[in-house]
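As a plain string of letters, each chain reads:
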Amino acid sequence: LTQVRPDLPLFLKGHSMGCLVLNTYLTQNPEIAARLAGVVFSAPFFGPPPHIQVNAGLKLLAKAISGVLDEFVIMGELALHKICRSKTYMRQVITQRKAVPFLSAGLFYSFIKNVERVHTGAKQWTTPYVMVLAEKDYIVSTPEAKKWHSQTKAPVRQMRVMLGAFHELSK
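Reference entry: report on the structure contained in this document. (Residues numbered from 1 in each chain as written. Predicted model: local features only at pLDDT ≥ 70, side-chain atom pairs only at ≥ 80, totals over all residues. Heavy atoms only, no water.)

Some words on the overall build of the protein
For the protein, the count of helices and strands is seven helices and six strands. Residues classed as buried in the protein amount to 36% of the 171 residues present. Of all intrachain contacts in the protein linking residues separated by at least 6 positions in sequence, the fraction that spans at least 24 positions is 80%. Looking at the protein as shown, the accessible area adds up to about 10,300 Å², and 61% of this sits on carbon and sulfur atoms. (Helix = DSSP H or I, 4+ residues; strand = E, 2+ residues; numbered from the N terminus. Buried < 20%, exposed > 50% of the residue type's maximum accessible area, 1.4 Å probe, protein only. Contact = heavy atoms within 4.5 Å. Areas by Shrake-Rupley, 256 points an atom, 1.4 Å probe, with all protein chains shown as cover.)

Have a look at this one:
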């Protein structure tokens, strides 16, 4: 991290999966986190959405598959009616197979491990932050983000839930 103007406070911003990466990076590099004025988390991926249940069996299966079949593709469901109201966009997705979410087995297992790491490190999080959540987010878990928020020890921490809002990726 380099700061162009030392007289200005330095904020970092992450969105969705970038929040997972940013949180993991700052937790593993507390000397950098200590230099920040704050972090903005926008729709943070601090856990899968409630419709995806990750249990011990799924974790074990993901670990086994990722070790031998990393290129194995996992197709996720795309409940358009829950994430988007645009009939034009919905028509494009259906007719052109556009924006169908998928992950490799390795990436899926990486998400599982890193989400657990984020929640384990929540009690050590002391960097000031603002978290912005969408009330109707179907892609990331608002309850998991709220859970992380309740466990942090940051002296300045804010959470804003935008009523009626969907995830940015649904636009």
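What about the pattern of salt bridges?
Under the counting rule described, the total for this entry stands at one salt bridge. Lys59 is paired through a salt bridge with Glu116; the nearest N and O atoms lie 2.6 Å apart. Here Lys59, found in helix H3 (residues 56-68), pairs with Glu116, found in helix H6 (residues 105-120); they are 57 residues apart in sequence, far enough to count as distant. (Salt bridge = Lys/Arg side-chain N within 4 Å of Asp/Glu carboxyl O.)

Things to note about the side chain of Ser66
If you trace the backbone, Ser66 turns up in helix H3. One polar contact links the side chain of Ser66 to the main-chain carbonyl oxygen of Lys63, over a distance of 3.0 Å. Not counting residues up to four positions away in its chain, the partners in contact with Ser66 are Ala105, Gly106 and Tyr109. (Polar contact = N/O pair within 3.5 Å; in protein donor to acceptor, adjacent residues only side chain to side chain.)

Details of unusual backbone geometry
A positive phi angle, near 50°, is found at Ala43, a position not held by glycine. Mapped onto the fold, Ala43 is located in the loop between strand E2 (38-42) and H3. Its relative accessible area of 8% is what places Ala43 among the buried residues.

Quick look at the packing of helix H1 (residues 17-28) against H6
For the pair H1 and H6, the least separation of the axes is 10 Å and the interaxial angle reads 55°. What the angle tells us is that H1 and H6 run oblique. Helix-helix and strand crossings are classified by hand; for H1 and H6 the assignment is left-handed. When H1 is examined against H6, the residues Met17, Leu20, Asn23, Thr24 and Gln28 are found in contact with a partner set consisting of Phe111, Asn114, Val115, Arg117 and Val118. (Axes fitted to C-alpha atoms, helices over the stretch in contact; angles between N-to-C directions. Parallel < 35°, antiparallel > 145°, perpendicular 65-115°, else oblique. Left-handed = near helix turned anticlockwise from the far one by under 90°.)

Points about helix H7 (residues 142-151)
Residues Thr142, Ala145, Trp148 and His149 constitute the buried set of H7. Projected down its long axis, H7 shows its buried positions confined to an angular sector of 120°, all on one face. The inward-facing, buried residues of H7 contact H1, E2, H6, strand E5 (129-134) and strand E6 (157-162). Where H7 begins, the capping side chain belongs to Ser141, and its oxygen is found 3.0 Å from the backbone nitrogen of Glu144. (Arc of directions from axis to C-beta.)

Some points on the packing of aromatic side chains
Taken as a whole and assessed by the stated rule, the structure comprises eight aromatic pairs. Judged by centre distance (5.2 Å) and plane angle (50°), the ring pair of Phe45 and Phe111 falls under tilted. One end of the pair, Phe45, is in the loop between E2 and H3; the other, Phe111, is in helix H6, with 66 residues separating them in the sequence. Look at Tyr129 and Trp148: their rings are 5.0 Å apart centre to centre, the planes differ by 55°, and that puts the pair in the tilted class. Of this pair, Tyr129 sits in strand E5 while Trp148 sits in helix H7, placing them 19 residues apart in sequence. You'll find Tyr129 and Trp148 in the same group, each marked buried. Three or more aromatic residues link up through ring pairs in this structure, and these residues are Phe41, Phe46, Trp125, Tyr129 and Trp148. (Phe/Tyr/Trp six-rings, centres within 6.5 Å; stacked < 30°, edge-to-face > 60°.)

Some words on the nonpolar core
Counting 25 residues, the largest nonpolar core has Leu26, Val39, Phe41, Trp125, Tyr129, Met131 and Trp148 as its most contacted members. Of all the secondary structure elements, the ones that give two or more residues to this core are H1, helix H2 (30-33), E2, H6, E5 and H7. When residues in this core are grouped by element, the largest group, four residues, is from H1. Setting aside residues up to four positions removed in sequence, Phe41 forms contacts with Gly14, Cys19, Leu22, Asn23, Phe46, Trp125, Tyr129, Val130, Met131, Val132 and Trp148. (Core = buried A, V, L, I, M, F, W, Y, C linked by side-chain atoms within 4.5 Å.)

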